[in-house]
Amino acid sequence: MNTLRIAGGQVLRPDATVEDADVLVDRDEGTILDIGADLDADADETLDAEGCLVTPGLVNAHCHVAMTLLRGYADDKPLDAWLREDIWPAEAALTPEDVRAGAELGLVEMIKSGTTAFADMYFHVPEIAAAVDEAGLRARLGHGVVTLGKDDADARADIDESLDVAREFDGAADGRIRTAAMPHSLTTVAEEYLREFVADAHAEGIPVHYHANETTDEVDPIVDERGERPLSYAKELGMLTGDDFLAHGVHVDDAEIDLLAEAGTGVVHCPASNMKLASGMAPVQKLLDAGVTVGLGTDGAASNNDLDMFDEMRDAAMLGKLAADDASAVAAPDVVRMATAGSAAAVDLPGGALEVGGAADLAVVDLDAPHLAPANDLVSHLAYAARGSDVRHTVCDGRVLMRDREVLTLEEDAAMARAREAIASLRERV
Ligand SMILES: CSC[C@H]1O[C@@H](n2cnc3c(O)ncnc32)[C@H](O)[C@@H]1O
Ligand SMILES: [Zn+2]
C-alpha cells in the first residue's frame, strides 16, 4: 500500500473539536486510513504539519472557474446590467482555449487557498474537465443553458449540449468529476424548455443546478406573471428535489424555506457576490434553523473578485449576523461546516470531513502568522482570521496538489501568463 502521512499537526474533526494527531492516507484508494498519535513513521511520503491546523479541503459549491479571466473586467454594477452590458458580450467572444486558460488560473488559485472540490456552471466544459483532470481536484461540472433571446433550434441545441456534457463527463478524471444539468436560472430559461430539460435530466439520474432568488429584479417578475414565488414554480417544474442544488437563495420567504427543507434541495450561499452586486442578504440563519443544507460558494471571480473560501467564510459570518440582526447568528462553527460538509452535501461530492474511511481531501493551514496569534480558538481563526495564503499543503483524493506552497499539478507562472495573453487578445476582439 502506498501511504501519505500528515504529521505533527492539530486536526479539525467533524464535531468541530481539534486534536493533536497525525493523518495517515491510503494514496491508492484516496482515503483516510487513520487519525491519531504517532502514526506510521515509514509512510511513503510525509507532509510536515507542525504548527499547522489540518482541515477538510474546502468545497466551493458554486463557481464559474474560467471567469478568473474577467476578474476586474466590470465592477460596481448590479447583476442584470453587469451581465448584459459587460459579461455576456465578453463571454460571447471566449474561445475554448480562453476557457481552458481561465480555468487553469482559477484552479491554481483554488489549490493555493485549500479548496479541493467545487461545482461549476459554464460553457466549453470539455476544456474545464481537462483542466480539472490535470489539476487533481474534484468537481461537479455542467454546461449552463440560457434560452432567452435564442430561437427554438438554438435553445434546444444548448439543452442537448448540457445533457450530453453531463452524460459524457460523469465519472471522468478517475471518478473525481461528476456532472449536473445546469439551466442558468428560472428567468433565463423559458418554462417550455425548463420542464422538458429537468425531466430528461432526472430521468437519467442527473441532478440539476441553477441560480435562483438572487435579486428582487429576478423574483418580482415571476411573482407578478405567475402569482407564485420562484421556488413554488421551481417545485412545479420538478427542480426542487434532494439531488438538486441552487445558488444564492437570497430573496426566499418562509414558505420557500420550508419547501427547501422538505425537499432536501441544497442552497449555496455566495455572500461576496451578493454584497458586490448589491443583490441582498440571504437569511442564512433561518435556512440553517429550518434544516436546509447550506453550502458556500464564491460565484465567479468577476463578481467576488477572488476564489478564496476563507474570505467567503468570513463574509458569510459577518453578513449572516447583519441579516439576522443578531451577533450570535451564523457563528464560526456554522460557516466552517458550510464551507466543508455543508457544501459537500449540497453538491454531493466526497469530502468535507476528516474521518477514517472518508476521502483524503484536506488543507494544512500554517498557524505561524501574526494574524493567527494567539491560538485562542482555531475554529474561530478559520472562520474570521485565516486567509487562503495561510494554506501550506493541499491534498485531494490522497494526492498532494500543493506541497510547502508549491503547486505540483499545474504550472503557476505559465497559468498566469496564458491568462494574461487570453484577456489581452479578448480585449482586442470585444
Ligand atoms: C451560462 S453559463 C453561466 C453564466 O452565469 C453567469 N453568471 C456569473 N455570475 C452570475 C450570477 O451571480 N448570477 C447569474 N449569472 C451569473 C456567467 O457569466 C455565465 O454567463
Ligand atoms: Zn453564479
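Residues numbered from 1 in each chain as written. Chains lettered and ligands numbered in written order. Predicted model: local features only at pLDDT ≥ 70, side-chain atom pairs only at ≥ 80, totals over all residues. Heavy atoms only, no water.

All of the protein donors around the zinc ion (ligand 2) are His62 (NE2), His64 (NE2), His211 (NE2) and Asp299 (OD); their distances to the metal are 2.0 to 2.2 Å. Along the chain, the residues donating to the zinc ion (ligand 2) fall in the pattern H-x1-H-x146-H-x87-D. In this pair, histidine 211 is assigned in strand β11 (residues 209-212) and aspartate 299 in the loop between β14 (294-296) and α11 (309-324), connecting sequence segments 88 residues apart. (Donors = N, O, S within 2.8 Å, 3.2 Å for Na, K, Ca; no water. Helix = DSSP H or I, 4+ residues; strand = E, 2+ residues; numbered from the N terminus.)

With that settled, the discussion passes to the sheet that holds strand β13 (residues 266-269). Taken in spatial order, the four strands of this open sheet run β11-β12-β13-β14, and their pairing is parallel. Among the strands making up the open sheet, the edge pair consists of β11 and β14. Neighbour-to-neighbour, the strand axes of the sheet open up by a mean angle of 30 degrees, direction not taken into account. Both β13 and β14 contribute to a ladder of three bridges, which runs parallel. Among the inter-strand pairings, valine 268 is bridged to a residue of β14, identified as glycine 295. Along the sheet face, helix α12 (residues 332-347) touches β12 (245-248), β13 and β14 and points at about 105 degrees away from the line of β14. (Pairing = 2+ DSSP bridges. Axes fitted to C-alpha atoms, helices over the stretch in contact; angles between N-to-C directions. Contact = heavy atoms within 4.5 Å.)

Burial analysis of strand β6 (residues 58-63) places six of its six residues in the buried class, which makes it a mostly covered element. The sheet contact formed by β6 and strand β7 (residues 115-122) spans four bridges and is parallel. Considered in β7, the bridge of leucine 58 is made with threonine 115. (Buried < 20%, exposed > 50% of the residue type's maximum accessible area, 1.4 Å probe, protein only.)

To continue, consider the confidence of the model for the protein chain. In regions of low pLDDT, the predicted coordinates are not meant to be interpreted in detail. Across the protein chain, the average pLDDT comes to 98, with 100% of residues at or above 70. Overall fold confidence (pTM) sits at 0.99, and the ipTM for the predicted complex is 0.99. (pLDDT = per-residue confidence, 0-100.)

Let us now look at the site of ligand 1. Taken together, 17 residues lie around ligand 1, and Trp88, Glu91, His184, Glu214 and Asp299 are the ones closest in. Measuring from a nitrogen atom of ligand 1, one finds a side-chain N or O atom of histidine 64 at 3.5 Å. A distance of 3.4 Å is found between an oxygen atom of ligand 1 and a side-chain nitrogen or oxygen belonging to histidine 248. Starting from 450 Å² of accessible surface for ligand 1 in isolation, the protein chains cover 97%. The element contributing the most residues to the shell around ligand 1 is helix α1 (residues 79-92), with six residues. Of the residues assigned to the shell around ligand 1, the class counts are eight nonpolar, six polar and three charged. (Near = heavy atom within 4 Å. Polar contact = N/O pair within 3.5 Å; in protein donor to acceptor, adjacent residues only side chain to side chain. Areas by Shrake-Rupley, 256 points an atom, 1.4 Å probe, with all protein chains shown as cover. Nonpolar A, V, L, I, M, F, W, Y, C, P; charged D, E, K, R; others polar.)

Right, let's get into the pairing of strand β4 (residues 45-48). Along β4, the buried face is formed by Glu45 and Leu47; none of Thr46 and Asp48, which line the opposite face, is buried. Sheet topology places strand β1 (residues 3-12) next to β4; four bridges connect them, and they run parallel. Opposite arginine 5, over in β4, you have threonine 46 as the bridge partner.

Moving on, we come to the UniProt feature "domain: Amidohydrolase-related" (unreviewed entry) in the protein chain. Mapped onto the present numbering, the UniProt feature "domain: Amidohydrolase-related" (unreviewed entry) falls at residues 53-400. Along residues 53-400, the helical share is 44% and the strand share 17%, with 16 Å between the first and last C-alpha atoms. (UniProt positions renumbered as here; feature names shortened; annotations may be inferred.)

Glancing now at the packing of α12 against helix α13 (residues 378-385). α13 packs onto α12 with a crossing angle of 70 degrees between their chain directions and a minimal axis gap of 8 Å. As the angle between them shows, α12 and α13 are arranged roughly perpendicular. Every pair of crossing elements has a handedness; the one defined by α12 and α13 is left-handed. Contacts from Ala332, Pro333, Val335 and Val336 in α12 reach Val379, Ser380, Leu382, Ala383 and Tyr384 in α13. Residues belonging to the contact of α12 with α13 are distributed by class as follows: eight nonpolar, one polar and no charged. (Parallel < 35°, antiparallel > 145°, perpendicular 65-115°, else oblique. Left-handed = near helix turned anticlockwise from the far one by under 90°.)

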